[in-house]
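Summary of the model geometry
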Amino acid sequence: MIAYMKKLTCLLLSCFLMIVTASAQPNQSTVKIKVPAAKPISPALFGIFFEDLNYAADGGLYAELIQNRSFEYSPADRKEWNPLTAWEYTTEGFGYGTISVETNAPVHANNPHYVVLNIEDEGREGVGLTNSGFDGIVVRAGQKYNFSVFVRQLSDNAIPITVKLKGKKGNVADSVTFSTDSKEWKKYTATITATESDDSARLIILAKAKGKMALDMVSLFPQNTFKNRPNGLRADLAQTIADLHPKFMRFPGGCLAHGDGLGNMYRWKNTIGPLEQRLEQRNIWNYHQSVGLGYFEFFQFCEDIGAKPLPVIAAGVCCQNSGGTWRIGSIGQRGLPLDELNAWTQDILDLIEYANGPATSTWGAKRAAAGHPEPFHLEYIGIGNEDAQTPVFRERFKMIYDVVKAKHPEITVVGTVGPSPAGNDYEQGWRFANELKVDMVDEHYYEKPEWFLNNLARYDSYDRAASKVYVGEYAAHDIKRKNTLRSALAEATYMTSLERNGDIVRFASYAPLLGRKGHTQWNPNLIYFNGSQVCPTINYYAQQLFASNEGDLYFPNVITTDLPDTAKTFAASCVKDSKTGDVILKLVNNGAAPVPARINLPAPGTSNGTANITTLTGDPMAENSCDGTQNVMPQTTTLAVKKSFAYTAPAYSLVVIRIKGNKK
Ligand code: AHR
């Protein structure tokens, strides 16, 4: 029956295939094409997938400039790391003393390590610590920075402390001075104004009297964060993400969410509340998560950029690639003991309350305490990430799924069907999802550009009555994993097929999103950056062109070509945005020859006139560089359009034609 339905759907769909080639219809210009009715598609198809991978959070989107601010780095993160990584003992002017890392009376039990500074002789300039930031601290002249530190005075006397920022050629900010006045942990704050710009400054804290004190949570934030949020995000990077116009954001990651062993699974409750009380942990990608960018900040960012939040929680099992677990010392996928599963599931219910519950509810109150009494309007939750489809996984997923759906039928649950576009986990995952009638499943594929061009019909034959699809991670991997125009065009071509199948493919996100140059564990990524620059790839612009030109209605057969043999090199789509009435055409040509196309606009809703046309084109092997020397960027101009008109898609191009419509 299912096979029959698939066949039928396939037949029906083939009537609507968008490219009609000349070989089939030689006198096409004289043939009347009946424009079939539009089909409703996902109005929120293109979004982003944020994973704390490649220093995407600390040293990335999270605007904190101090590395290892809480002295919690350890060899468990990376074997050469310890609580003093990124720090060094500093003495200026012949002072001397000692520093030690201690744990017996921390600022909070979740944050056990702190530094004790014993100043035996303050010398001329003091004794203290220097932090080198993430590859240096980037400061800009005239900008203000919020400094803060927790200090516990251990000697009887008050200790004056000076904080300064030093660049290559000396001080780059006016120093600030304050004095300790508490034998309990106390937070001290100051504003530092940069007087010079520098890309590799260091923060120096100098104690200027004999005595002893404990220090923790040393922090330096630009005041200019995205939307000026305290504990906020790096403005340029966040803006680059916002400029993608993502309709949703999946977070906090893929493998990071289910973690390297049961003890490393991402637990959202550890990431909210006062920063000094959050529980930091090793990152599966072999570095450290301060979780300063935690669930509150993720939700707030989603709200700030108009993206629907899509948190992903482990399905009670850790990543099948786990190298070893902290709790039970084993390798591979492991499941939480079943008697711990109720608590795990309760955490998911609590997350829904944290996001959506009234400010008077237990978890809604915590959201309100963080400054957001209104709900975050959570509609989606992912359970699991490309997990191996074992009985251990299935048992836990079902237990969680049943409870979440029973208590929150309004939440769309996104299940998982393994790490690949085919194979055992994929097949079994789909069977299981269909058995359970899971709302949506998450498919992943990292494949060569040719794979994308060879699989344009993938979703045409999917069963329309089965679970909906979220293409949660995909990217075309070109040679040496470079972000070439060729890879971006392969993705764009594929995205036209996602639009065509937008009735069942509800979401899609390129992966991964961010990569800090010099600190990548994975390539390619959508956006590269360092401390001072943000470098969008060509793939970024392809994503941006699709996400900012979405529609909620898909029209088949609008764009045709007479050129033979273009089925795998040329694709096109036509969508309409009912809110604006605009009709949007996308044409992607992966070939070396221009493709002449005929466009018969759907009626009603479009009129003769002028359209905006944006083109992304160049050498197929081109890559964008951060210095702007070889940049393939979208170019926008205007184009005269009629109800029926001809347009030739340039070689190696993605073209978006946006025709201002009326709302009829
Ligand atoms: O996107 C990088 C990784 O690829 C994700 O963490 C994981 O889900 C996938 O294997």
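Residues numbered from 1 in each chain as written. Predicted model: local features only at pLDDT ≥ 70, side-chain atom pairs only at ≥ 80, totals over all residues. Heavy atoms only, no water.

**Comments concerning the site of the ligand**
Around the ligand sit 13 residues, and of these E51, C255, E386, Y446 and E473 come closest. Take Y446: an N or O atom from its side chain is 2.7 Å from an oxygen atom of the ligand. E473 has a polar side-chain atom sitting 2.7 Å from an oxygen atom of the ligand. Taken together, the residues of the shell around the ligand sort by class into 7 nonpolar, 3 polar and 3 charged. (Near = heavy atom within 4 Å. Polar contact = N/O pair within 3.5 Å; in protein donor to acceptor, adjacent residues only side chain to side chain. Nonpolar A, V, L, I, M, F, W, Y, C, P; charged D, E, K, R; others polar.)

**Section: helix 8 (residues 391-407)**
For helix 8, built from 17 residues, the straight-helix expectation of 24 Å at 1.5 Å per residue is met to within 8% by its first-to-last C-alpha distance of 24 Å. Where helix 8 is concerned, the buried positions are F393, R396, F397, I400, Y401, V404 and K405. In an axial view of helix 8, the angular spread of the buried residues amounts to 150 degrees, which keeps them on one side of the axis. For helix 8, exposure combined with an orientation more than 90 degrees from the buried face picks out P391, A406 and K407. Contacts from the buried residues of helix 8 go to helix 6 (341-356), strand 19 (380-383), strand 20 (412-416) and helix 9 (424-436). (Helix = DSSP H or I, 4+ residues; strand = E, 2+ residues; numbered from the N terminus. Expected span 1.5 Å × (residues − 1). Buried < 20%, exposed > 50% of the residue type's maximum accessible area, 1.4 Å probe, protein only. Arc of directions from axis to C-beta. Contact = heavy atoms within 4.5 Å.)

**Some thoughts on empty space enclosed by the protein**
Under the criterion given, the structure shown has 9 cavities of 30 Å³ or more. The computed volume of the largest cavity comes to approximately 100 Å³. Forming the walls of the largest cavity are 14 residues, and the residues nearest its centre are D58, I66, N68, R69 and S290. For the lining of the largest cavity, the class distribution of residues is 4 nonpolar, 5 polar and 5 charged. (1 Å grid on protein atoms, 1.4 Å probe; cavity = no way out; pocket = protein on both sides within 12 Å on 5 of 7 lines; lining within 4 Å. Points joined across faces, edges and corners; volume = space filled by probe spheres on them.)

**Quick notes on the state of the cysteines**
Scanning the model with the defined rule gives 1 disulfide in all. One disulfide in the model links C535 with C626; its S-S distance is 1.4 Å. Looking down the S-S bond of the C535 and C626 bridge, the torsion is -50 degrees, so its handedness is left-handed. Here C535 is found in strand 26 (residues 534-536), whereas its partner C626 is found in the loop between strand 32 (606-617) and strand 33 (635-641), with 91 residues between them in sequence. The exposure class of C626 is partly exposed, given its relative accessible area of 22%. (Disulfide = S-S within 2.5 Å.)

**Observations regarding the packing of aromatic side chains**
Considering all chains together, one arrives at 44 aromatic pairs under this definition. Between the aromatic rings of F46 and F546, the centroid separation amounts to 5.6 Å while the plane-to-plane angle is 80 degrees, which identifies the pairing as edge-to-face. Of the two residues, F46 is situated in strand 2 (residues 46-49) and F546 in helix 12 (residues 538-547); the sequence distance between them amounts to 500 residues. Geometrically, the ring pair formed by Y55 and F134 is edge-to-face, given 6.3 Å between the ring centres and 85 degrees between the ring planes. You can see Y55 sitting in the loop between strand 2 and helix 2 (57-61) and its partner F134 sitting in the loop between strand 6 (126-131) and strand 7 (137-139), a full 79 residues away along the chain. Of the residues examined, Y55 reaches a relative accessible area of 3% and is grouped as buried. Every member of this aromatic cluster is reached through a ring pair, and the members are F50, F251, Y266, W268, Y295, F296, F298, F299, Y354, W363 and F376. When the ring centre of W363 is taken as origin, the NZ or CZ atom of K366, which lies over that ring, is 5.0 Å away. (Phe/Tyr/Trp six-rings, centres within 6.5 Å; stacked < 30°, edge-to-face > 60°. Lys NZ or Arg CZ within 6 Å of the ring centre and 35° of its normal.)

**Considering the side chain of T566**
The residue T566 is located in the loop between strand 28 (559-561) and strand 29 (570-577) in this model. Of note is the side chain of T566, whose polar atom sits 3.3 Å from the backbone oxygen of L563.

**Brief notes about the sheet that holds strand 8 (residues 144-153)**
With antiparallel pairing, 5 strands are arranged side by side in an open sheet as 4-5-14-8-12. Every other strand in the sheet has two partners, leaving strand 4 (96-102) and strand 12 (186-193) as the edge strands with one partner each. Each neighbouring strand pair of the sheet contributes to a mean axis angle of 30 degrees, computed without reference to strand direction. (Pairing = 2+ DSSP bridges. Axes fitted to C-alpha atoms, helices over the stretch in contact; angles between N-to-C directions.)

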